[in-house]
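# Inside the fold
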Amino acid sequence: MNDLILIVEDEPKLSKLLSNYLHRSGYEPECLENGIDVLPSVRERMPALILLDLMLPGRNGIDICKEIRTFSSVPIIMVTARIEEIDRLIGLELGADDYICKPFSPREVVARVKAVLRRSANQKPAGEASQLHLDEERLLATLYGNELELTVVEFKLLTFLAANPGRIYNRSKLMDQIYPDQRVVSDRTVDSHIKNLRKKISAVSPDTELIQSVYGVGYKFDAQLNVRILKE
Ligand code: CA
């Protein structure tokens, strides 16, 4: 297996620290300081994952990420110095797999690297075939060809989240979607539907975390999966 992790970071101290931790965890880290060098290196070395800082000399992380996505689905974790920036980055739908904010603990970064690599290994290569198929007319959801037996509410919730991959929704927004009649339900209702949904998803595909919790905010759909929604 290819264990090459490309660390794109212009603060030498930081990249050295990450490099040491990743090396100790069995990866083969390689550091780049300049944004200009990233694309040639990705094409040539074909890393298993890229840790990509946002502010770089030469070329910024957003442009680099966009261009990589035109030819490669290599997992990308974007690193930013500002927590407020993450929301904007998510909104840009760059196709990054995760976001980390500085200052971070190197341990946390290694854990995220592992998680993203695990997730991408479990996904079938992105091709024409959709991995999650949602048929709104028949209320039929299939994941990797297996039917998920969902309730109407679970189906609505999944379809809404999947229609906007990567976007984070808070609980009240999700409640509006599943109970348009403004019925009074508690935040816990959404959590319990999500919990059941996850249970059904993991019964079909144990390592697929389609719906991710965003701590203190709400939920989002995993942006990597290939989704097809058949409208009513
Ligand atoms: Ca920087």
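In this report, the structure presented in the accompanying data block is examined. (Residues numbered from 1 in each chain as written. Predicted model: local features only at pLDDT ≥ 70, side-chain atom pairs only at ≥ 80, totals over all residues. Heavy atoms only, no water.)

## A few points about the environment of Lys231
The criterion, for reference: Per the convention used, a helix needs a DSSP run of H or I reaching at least four residues, while a strand needs a run of E reaching at least two, with both numbered from the N terminus.
Mapping Lys231 onto the fold places it in the segment after β12 (227-230). It is 24 Å that separates the C-alpha atoms of Lys231 and Thr208, two residues lying 23 residues apart in sequence.

## Topic: the sheet that holds strand β3 (residues 49-53)
Consider a sheet: its strands pair through backbone hydrogen bonds, and that pairing is either parallel or antiparallel. This is how the line gets drawn: In this analysis, strands are considered paired if DSSP registers two or more bridges between them. To get an axis, fit a line to the C-alpha atoms, keeping to the stretch in contact for a helix; angles then go from 0 to 180 degrees between the N-to-C directions.
In space, the five strands of this open sheet follow the order β2-β1-β3-β4-β5, with parallel pairing throughout. What marks the edges here is a single partner per strand, and that holds for β2 (28-32) and β5 (98-101). Each neighbouring strand pair of the sheet contributes to a mean axis angle of 20°, computed without reference to strand direction. Summarising the sheet, β3 and strand β4 (residues 76-80) pair through four bridges and their orientation is parallel. Directly across from Ile50, in β4, lies its bridge partner Ile76.

## Here's the deal with the packing of aromatic side chains
We apply this condition: Stacked, tilted and edge-to-face pairs are distinguished by plane angle, under 30 degrees for stacked and over 60 for edge-to-face with tilted covering the rest, among Phe, Tyr and Trp rings (Trp via its six-membered ring) whose centres lie within 6.5 Å. A ring is considered to have a charge above it if a Lys NZ or an Arg CZ atom is located within 6 Å of its centre and within 35 degrees of its normal.
Across all of its chains, the model carries one aromatic pair by this definition. Over the aromatic face of Tyr21 sits the side chain of Arg24, whose NZ or CZ is 4.8 Å from the ring centroid. Just above the ring of Phe71 sits the side chain of Arg43; from NZ or CZ to the centre is 3.9 Å.

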